[in-house]
Amino acid sequence: MGKIKTLADLRKMREKLKSETDLRDKSEHPEDMVQIKVAMATCCIASGSRETMNYIVDELEKRNVDAVVTQTGCMGYCYAEPTVEVTVPGKEPIVFGYVDEKKANEIIERYIKNGELVEGIIPMNYRSIEETK
Amino acid sequence: MSGYKIHLLVCGGTGCKASLSTAVVENLNHEIKTQGLDDFAQVVTTGCFGFCEKGPIVKIIPDNTFYVQVKPEDAREIVEEHIVKGRKVERLLYHDPDKETIVSDSKHMNFYKKQVRIALRNCGVIDPENIDEYIARDGYKALGKVLSEKTPEEAIKLIKDSGLRGRGGGGFSTGMKWELAAKNISDEKYVVCNADEGDPGAFMDRSILEGDPHTVVEAMAICGYSIGSNYGLVYIRAEYPLAIERLKTAIKQARDYGLLGNNILGTGFKFDIELRYGAGAFVCGEETALIHSMEGSRGEPTMKPPFPSDSGYLGKPTTVNNVETFANIPVIINKGAAWFSSIGSEKAKGTKVFALAGKINNVGLIEVPMGITLREVIFEIGGGIKNGKKFKAVQTGGPSGGCLTEKHLDTPIDYDNLIAAGSMMGSGGMVVMDEDDCMVDVAKFFLDFTVEESCGKCAPCRIGNKRLHEILEKITKGNGTPEDITRLINLGTVIKDTSLCGLGQSSPNPVLATINNFMDEYTAHIEDKKCPAGVCKALMKYEIVDENCVGCTACARACPVGAITGERKEIHHIDTSLCIKCGACIDRCKFNAVIIK
């Protein structure tokens, strides 16, 4: 890496580097942005959840959507893997099943960007401990 | 774009390193490699998270999981469970002692809730040895902004308007200090960073230098531009090897990028920084002594004026600022004076970093807005007193400070309020004491330190403090007389009035403050010959309560000097002339028969 000769160079460099530490800032305020949880247990990974997750992370960045993507354990809907839970700020979390790249694309474009519901929603069949408290 | 979807931030501060965090990093890296996740997860060694009580800390991004007290052998479980399967390792999460619940992320920990991190903004977030990460988080943006958009006068005005005051203890307006140096015309001027942190129990400057060295480098360059200096010096104590190493790396990286050196960012401004090592003398934190030490002379203070802004290093105008003060500068420039002055209290703007130590649950480093109360700091952030004991006092301002007691708990913390309460802000050390601490002994402890650290140049400090210490010694040995209190007060006041520098002018503070707030403890030592907290050994007497003693002989067997006599199944006795008051018998007795009188 050579010298930074001007302020414009510094700015350009910052833009390029920003994405590398962005994640650390975003994770401080997860409730302000779209949160996506990808189930990543053995069963999910076998059904391709890692590819789905990578696709989602890359696409969100390409399309400039502010979101935090985290992995989580098995959600229990193993028949519908890969499963993805999406929480749009101010809305209830929704779980989508059979999320391949095509479905992921649809979720990003239609649900996250425009708020339209798309096919493939799995009804919640349990409550978590946090809610019952 | 970044390839890493998961960042594992591991604390690499001195505290956590001592608890093997380096091995944690190695093992995590190894496990990640084994699992073939090299492109997916990244391990980053960061600076101090502040939660030193529970180190080493590992924080997983993006789900913000906060693992505490991680051992090298836990690395495998973290990678296999959390990274691969996405399940949190519950046993390594933080357990909230109050509610007996498990807290998985730092956001919900009481320790972090009330903190506002400006000076510590990058500590625990970035890799201090990687300038790219600093630049990614707006690093050197402030320097660029100042160099290309502001005149030196404008930059000084901005710092002045922000209301930033020196964080090393004095509390002098930083903008004003810069202005004084800027006004002087000279062929050379110097910017000095005071990293000679000397208060016992204070480690905020070390943590900033270890966790975010570039912020100091950037701020010094900004100061240089503002006052018209091309040369910066960091006076750092040689006992801070990690901070020195990281600062050196930072300076080298900045030079490689052309952010130090000639023609910075094409603006023609020239600035470079060198390190000067201190041998760890407390008095060298005083700016004139510091400058003499850097010049190669004895680290002794001289009378002010002349102030360093007129005649400092090598007789040239010099601005001396503390590490934490510098760490605030880039943020103020980026976010503006109005933003900064909206934080804090009426007379003290911004935040202050405190090092919590002593009998408190969450020992560590915190940054809070000025004007927060002591109660919030100790009981909410600090998690209260260890083992549910009663709070007695908090010592602020190190050996130069005083004690704050229960009646000060709701006083908003800022420079002036602390002075009004008989203490001082100092560099931000807070030593919390509980009912088991003897205040006479505490005063003696701090005086021990100042007697040791007095440079010996002026008589009041060199001789006076020694005498103060002798009187305290006499009291704790049980030989005190009521006149001793008057002597302590008179002598202390004279030392304060007549000493040459800040060290002597403040060294009697712990004594005067404890007399002021805990007169009853002094009286108990002098008149009743008792130490209410049970600390002063000479005043303690071990006794066996006849009714409770069953004659099990456990105490007699434990006694290292054979001071306990008595036959089996008969009441035992302690020969007080032989007893060395070690307490072994108390620990051994199952019937509460041994008591201290």
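Note that the structure is predicted; figures quoted are calculated from it, not measured.

With that settled, consider the interface of chain B and chain A. Tallying the contact residues gives 47 residues for chain B and 39 residues for chain A. Between chain B and chain A lies a buried interface of about 3,300 Å² when both sides are counted; carbon and sulfur atoms form 56% of it. Across the chain B-chain A interface, the total number found is three residue pairs in polar contact (both at pLDDT 80 or more). Every element with two or more residues in the side of chain B that touches chain A is listed here: β1 (6-11), β2 (41-46), β3 (58-61), α3 (75-84), α5 (131-136), α6 (141-149) and α11 (241-256) of chain B. Here the element with the most residues in the side of chain B that touches chain A is α6(B); it accounts for five residues. Along the lines of polarity and charge, the residues of the side of chain B that touches chain A split into 19 nonpolar, twelve polar and 16 charged.

Another aspect to go through is the environment of Asn387(B). On the secondary structure map, Asn387(B) appears in the loop between α15 (374-381) and β14 (391-396). In this structure, the C-alpha to C-alpha distance between Asn387(B) and Asn361(B), residues 26 residues apart in sequence, is 8.2 Å.

Attention now moves to the side chain of Asn322(B). Within the secondary structure, Asn322(B) is located in strand β11 (residues 318-322). Not counting the four nearest positions on each side in its chain, Asn322(B) is found in contact with Arg167(B), Gly168(B), Asn194(B) and Asp205(B).

Before going further, it helps to examine the environment of Pro128(B). Residue and element names in this part refer to chain B. One can find proline 128 in the loop between α4 (110-113) and α5. Residue proline 128 is classed as buried on the basis of its relative accessible area of 1%. For the pair proline 128 and arginine 246, spaced 118 residues apart in the sequence, the C-alpha separation amounts to 7.1 Å.

A word on the sheet that holds strand β2 (residues 67-72) of chain A. All names here are of chain A. Judged by pairing direction, the sheet is mixed, and its five strands sit side by side in the order β2-β1-β3-β4-β5 without closing on themselves. In the strand order of this sheet, the two ends are held by β2 and β5 (121-122), each with one partner. Packing of helix α3 (residues 49-62) onto the sheet brings it into contact with β1 (34-39), β2 and β3 (84-87), and relative to β2 it is tilted by some 170°.

Residue and element names in this part refer to chain B. Domains assigned within chain B are domain 1 (6-111), domain 2 (131-340), domain 3 (351-434), domain 4 (439-526) and domain 5 (541-596). Here domain 2 and domain 4 have C-alpha centroids that lie 35 Å from each other. Listed per partner, the contact involves 13 residues of domain 2 and nine residues of domain 4. Where domain 2 abuts domain 4, roughly 940 Å² becomes buried across the two surfaces, and 75% of that area is made up of carbon and sulfur atoms.

The next thing to look at is the pairing of β2(B). When a strand is regular, its side chains alternate between the sheet's two faces. Residues and elements named next belong to chain B. Most of β2 sits out of view: five of its six residues are buried. Strand direction decides the pairing type here: β1 and β2, joined by six bridges, are parallel. Within β2, the residue paired with isoleucine 6 across the bridge is alanine 41.

Here we come to the sheet that holds β14(B). Residues and elements named next belong to chain B. The sheet built from five strands is open, its strands ordered β13-β12-β16-β14-β15 with mixed pairing. At either end of the open sheet lies a strand with only one pairing partner, and these are β13 (364-369) and β15 (402-405). Sheet twist, expressed as the average angle between the axes of neighbouring strands with direction ignored, equals 30°.

Let us now look at the packing of helix α2 (residues 21-34) of chain B against α3(B). The relative placement of two packed helices comes down to the angle between their axes together with the axis-to-axis distance. Residues and elements named next belong to chain B. As a packed pair, α2 and α3 sit with axes 8 Å apart at the nearest point and diverge in direction by 40°. Taken together, the axes of α2 and α3 are oblique relative to one another. Crossing of α2 against α3: the hand is right-handed. Each of Val24, Asn27, Leu28, Glu31 and Ile32 in α2 lies in contact with α3, whose residues at this interface are Ala75, Arg76, Ile78 and Val79. A per-class count over the contact of α2 with α3 returns six nonpolar, one polar and two charged.

Attention shifts here to the confidence of the model for chain A. Residues of chain A with pLDDT of at least 70 account for 89%, and the chain-wide mean is 80. For chain A, per-element mean pLDDT is lowest for helix α5 (residues 129-132) of chain A, which scores 49, and highest for β3(A), which scores 88.

Here we take up the pattern of salt bridges. Here the structure, examined in full by the defined rule, presents 43 salt bridges over all chains. Glu59(A) is the partner of Lys62(A) in a salt bridge, and the nearest nitrogen-oxygen pair spans 3.2 Å. Of this pair, Lys62(A) and Glu59(A) both sit in helix α3, three residues apart, which is roughly one turn of that helix. A salt bridge links Lys114(B) to Glu376(B); its shortest N-O distance comes to 2.7 Å. Of the two residues, Lys114(B) sits in the loop between α4 and α5 while Glu376(B) sits in helix α15, which places them 262 residues apart along the sequence. Given the relative accessible area of 31%, Lys114(B) is considered partly exposed. Each of the salt bridges in this network shares a partner with another, and the network as a whole consists of Glu59(A), Lys62(A), Arg63(A), Glu109(A) and Lys113(A).

Tallying each qualifying case throughout the model produces 16 aromatic pairs over all chains. For the pair Phe96(A) and Tyr111(A), a centre-to-centre distance of 5.8 Å together with 65° between the ring planes defines the contact as edge-to-face. One end of the pair, Phe96(A), is in strand β4 (residues 94-96); the other, Tyr111(A), is in helix α4 (residues 101-114), and 15 residues separate them in sequence. Grouping residues by exposure puts Phe96(A) and Tyr111(A) together as buried. Pairing Tyr190(B) with Tyr231(B) gives two aromatic rings, centres 5.7 Å apart and planes at 75°, and the pair type is edge-to-face. One end of the pair, Tyr190(B), is in strand β7 (residues 190-195); the other, Tyr231(B), is in strand β8 (residues 231-237), and 41 residues separate them in sequence. Under the relative-accessibility criterion, Tyr190(B) is labelled buried at 9%. Residue Tyr231(B) is classed as partly exposed on the basis of its relative accessible area of 22%.

Calculation notes
Residues numbered from 1 in each chain as written. Chains lettered and ligands numbered in written order. Predicted model: local features only at pLDDT ≥ 70, side-chain atom pairs only at ≥ 80, totals over all residues. Heavy atoms only, no water. Contact = heavy atoms within 4.5 Å. Buried area = accessible area lost by both parts, 1.4 Å probe. Polar contact = N/O pair within 3.5 Å; in protein donor to acceptor, adjacent residues only side chain to side chain. Helix = DSSP H or I, 4+ residues; strand = E, 2+ residues; numbered from the N terminus. Nonpolar A, V, L, I, M, F, W, Y, C, P; charged D, E, K, R; others polar. Buried < 20%, exposed > 50% of the residue type's maximum accessible area, 1.4 Å probe, protein only. Pairing = 2+ DSSP bridges. Axes fitted to C-alpha atoms, helices over the stretch in contact; angles between N-to-C directions. Domains from an automatic or database assignment. Parallel < 35°, antiparallel > 145°, perpendicular 65-115°, else oblique. Left-handed = near helix turned anticlockwise from the far one by under 90°. pLDDT = per-residue confidence, 0-100. Salt bridge = Lys/Arg side-chain N within 4 Å of Asp/Glu carboxyl O. Phe/Tyr/Trp six-rings, centres within 6.5 Å; stacked < 30°, edge-to-face > 60°.

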